[in-house]
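Spelled out, the chains give:
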Amino acid sequence: MTTAFSTCDLCDAHKGDTSGAFRVLPPVFRDFGGRGHFGGPVSTVKCHEDNSLVKAALDEPGQGRVLVVDGGASLRRALVGGNLAAAAARNGWAGVVVDGCVRDVAELAATPVGIRALAAMPLPTDKRGQGQRDIAIQIQDVWVRPGDWLYADADGIVVAAQPLHAS
């Protein structure tokens, strides 16, 4: 678990950073989880309308990490639903950020894990075992790499190359 933070304070402290080590995701993600304030080291999955690797990741010990899923911004299938959110909470994941859709919205809201996604979509994915894990991905034109740190609260989502503390 991360210490207390505010994404606004983090942005204030790093607004002059032009190195690319501090990045802000665009404000297109909706809050679906039972925890609106979360953060931790990043693990990644890249997949398209197939959540096999998302399930495999969330079934593993999360150790306070945040799973960032590059779903290609697809609005046609849900990559995370109630069962996977429950697995994330049970296995110690701090949160899941999906560049794509989720489903089982009421179940997600009742689960003590942070969940951000573009939209809700009731259709599930096909299970083909396709995708990649723990690679550098681009979410809404922002690079996110395994080992980065992600911080999310009511004001937005920021990503940094190393752990940050609000000043």
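For the structure itself, consult the block above.
A brief structural summary.

**Structural notes on the side chain of Asn 51**
- Examined against the element boundaries, Asn 51 turns out to sit in the loop between β3 (38-46) and α2 (52-58).
- Discounting residues that sit within four places of it in the chain, Asn 51 has contacts with Ala 78, Leu 79, Leu 84, Thr 125, Asp 126 and Lys 127.

**Quick look at the pattern of salt bridges**
- In this structure the tally under the stated criterion is nine salt bridges.
- Across the salt bridge formed by Asp 104 and Arg 103, the nearest N and O atoms sit 3.8 Å from each other.
- Asp 104 sits in the partly exposed class, given a relative accessible area of 30%.
- Taking relative accessible area as the criterion, Arg 103 reaches 26% and is therefore assigned partly exposed.
- Asp 126 is the salt-bridge partner of Arg 128, the closest N and O atoms lying 3.6 Å from each other.
- With a relative accessible area of 41%, Arg 128 lands in the partly exposed category.
- Residue Asp 126 is classed as partly exposed on the basis of its relative accessible area of 39%.
- Taken together, the shared-partner salt bridges connect Arg 77, Asp 126 and Arg 128 into one network.

**Brief notes about the layout of surface pockets**
- By volume, the largest pocket is sized at about 240 Å³.
- Considering the residues around the largest pocket, the lining is formed by 15 residues, among which Asn 51, Gly 81, Asn 83, Leu 84 and Lys 127 are closest to the centre.
- When residues of the lining of the largest pocket are traced back to their parent elements, those giving at least two are β5 (78-80) and α3 (82-90).
- Classifying every residue of the lining of the largest pocket gives five nonpolar, five polar and five charged.
- In this structure, the second largest pocket is lined by 16 residues; those nearest its centre are Pro 27, Asp 153, Asp 155, Gly 156 and Ile 157.
- For the lining of the second largest pocket, the secondary structure elements donating two or more residues are α1 (7-14) and β12 (156-160).
- Across the lining of the second largest pocket, the residue classes tally to 10 nonpolar, two polar and four charged.

**Regarding the nonpolar core**
- Grouped together as the largest cluster of nonpolar side chains are 22 residues, with contacts concentrated most on Val 54, Leu 58, Leu 67, Val 69, Val 98 and Val 102.
- If you list the elements that add at least two residues to this core, you get α2, β4 (66-70), β5, α3, β6 (95-102) and β7 (114-120).
- In terms of residue count, the dominant contributor to this core is α2 (four residues).
- Residues contacting Val 102, with those up to four places away along its chain left out, are Phe 32, Ala 78, Val 80, Leu 108, Ile 115, Ala 117, Ala 119, Ala 120 and Met 121.
- Counting residues in hydrophobic clusters, the runner-up holds 17 residues, among them Ala 94, Val 97, Ile 137 and Val 144.

**So, the packing of aromatic side chains**
- According to the stated counting rule, one finds two aromatic pairs in the structure shown.
- Seen in terms of ring centroids, Phe 5 and Tyr 151 are 5.0 Å apart; in terms of plane orientation they differ by 75°. Their pairing is edge-to-face. Of the two residues, Phe 5 is situated in the segment before α1 and Tyr 151 in strand β11 (residues 149-153); the sequence distance between them amounts to 146 residues. Considered together, Phe 5 and Tyr 151 belong to a single accessibility category, that of buried residues.
- When the centroid spacing of 6.4 Å and the interplanar angle of 25° are considered together, the rings of Trp 149 and Tyr 151 count as stacked.
- Linked through ring pairs, Phe 5, Trp 149 and Tyr 151 together constitute an aromatic cluster.

About the cut-offs
Residues numbered from 1 in each chain as written. Predicted model: local features only at pLDDT ≥ 70, side-chain atom pairs only at ≥ 80, totals over all residues. Heavy atoms only, no water. Helix = DSSP H or I, 4+ residues; strand = E, 2+ residues; numbered from the N terminus. Contact = heavy atoms within 4.5 Å. Salt bridge = Lys/Arg side-chain N within 4 Å of Asp/Glu carboxyl O. Buried < 20%, exposed > 50% of the residue type's maximum accessible area, 1.4 Å probe, protein only. 1 Å grid on protein atoms, 1.4 Å probe; cavity = no way out; pocket = protein on both sides within 12 Å on 5 of 7 lines; lining within 4 Å. Points joined across faces, edges and corners; volume = space filled by probe spheres on them. Nonpolar A, V, L, I, M, F, W, Y, C, P; charged D, E, K, R; others polar. Core = buried A, V, L, I, M, F, W, Y, C linked by side-chain atoms within 4.5 Å. Phe/Tyr/Trp six-rings, centres within 6.5 Å; stacked < 30°, edge-to-face > 60°.

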